[in-house]
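Take a look at the letters that make up each chain.
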Amino acid sequence: MNISFEIVPRTLDAFEKQYAFVQSLNDCINIINVPDIQRFDMRSWELARHVDRNQYRFIPHFRAIDFKIESGELYRIIEDYQLEDVLLVTGDPPEGLKRSYCNTDVVDLIRAVRRRFPKLNIYAGFDPHRQGLQHECHYIQRKADAGANGFFSQPFYDHRLVELFAEHMDGLETYIGISPVLTSASQNYWEVKNHVKFPRHFRPDYDWNVAFANRLIGSAAENGWHVYFMPIKVELKKYFERINLVE
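Residues numbered from 1 in each chain as written. Predicted model: local features only at pLDDT ≥ 70, side-chain atom pairs only at ≥ 80, totals over all residues. Heavy atoms only, no water.

Asks: What's the story with the packing of aromatic side chains in this structure? I'm lost.
Replies: Ring pairs (aromatic) are described by centroid distance and by the angle formed between their planes. Here the structure, examined in full by the defined rule, presents 25 aromatic pairs. A centroid spacing of 6.0 Å and a plane angle of 70° characterise the contact between Tyr75 and Phe117, whose relative ring orientation is edge-to-face. One end of the pair, Tyr75, is in helix α2 (residues 73–80); the other, Phe117, is in the loop between α3 (106–116) and β5 (121–126), with 42 residues separating them in the sequence. An identical accessibility class is assigned to Tyr75 and Phe117; each is buried. Site record: aromatic cluster; members linked through ring pairs are Tyr157, Tyr189, Trp190, Phe198, Phe202, Trp208 and Phe212. In this structure, Lys143 packs its charged tip against the face of Tyr139, placed 4.1 Å from the ring centre. (Phe/Tyr/Trp six-rings, centres within 6.5 Å; stacked < 30°, edge-to-face > 60°. Helix = DSSP H or I, 4+ residues; strand = E, 2+ residues; numbered from the N terminus. Buried < 20%, exposed > 50% of the residue type's maximum accessible area, 1.4 Å probe, protein only. Lys NZ or Arg CZ within 6 Å of the ring centre and 35° of its normal.)

Asks: Is there a simple way to think about the sheet that holds strand β3 (residues 57–63) in this case?
Replies: By definition, the strands of a sheet pair up through backbone hydrogen bonds, in either a parallel or an antiparallel sense. Strands sit in the order β1-β2-β3-β4-β5-β6-β7-β8 around a closed barrel of 8 strands; the barrel is parallel. Taking each pair of neighbouring strands and ignoring which way they run, the sheet shows an average axis angle of 25°. Pairing analysis gives 4 bridges linking strand β2 (residues 31–34) to β3, with the strands arranged parallel. When the sheet's bridge partners are listed, Ile32 is paired in β3 with Phe58. The strands touched by helix α7 (residues 206–223) are β7 (173–178) and β8 (226–229); relative to β7, the strand with the most contacts, the crossing angle is about 170°. (Pairing = 2+ DSSP bridges. Axes fitted to C-alpha atoms, helices over the stretch in contact; angles between N-to-C directions. Contact = heavy atoms within 4.5 Å.)

Here you go:
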């Protein structure tokens, strides 16, 4: 089982502090996953030069709305940074439309990158909360048909939903998202912004989130899945000292 840890590149100093924490977990984490967020100065792929790629697989995110396929810019980045893995997502348009963006469809981008780099590990995202199960699974299949060989999910908060999606991910390298929600304000954000329906027994505290994460890790180990930690705002040591990273 692979365990991926997401580090948001707010600043290089912030990145290096979280990277040092990952290193303190010894061999438990084997993938560093970096989202690309326009409001930050650092681009995801630039962190390739700050990660020991002999120790960790490095998977930067690329937003389809930032690239025109015909420009070849994404191809140049992959070649210049000698990337072996990429995660291609649609991306949200900038707030207030203060920056320009492209109308590139992520399925088209996956197909073009696969054609250019036959041996590249191309990952895509899936969101269990965005739309109905059948619609999302159809979207996953379109991405797989275009050339994605693995998927990283948005965080789950209901194990029943994990089981439903697992039935449709057979043969695909699947990373189950885990992201603790520790305040009522954060819970409200996920409900309003990301359409998450929390189970009735959910509690925004460490005990519930740790127990749920450990349950998901156990299920991943049993079913051949992988795990993707997105600890957006959490005391890392307090949280991870109770997480069963080795099953």
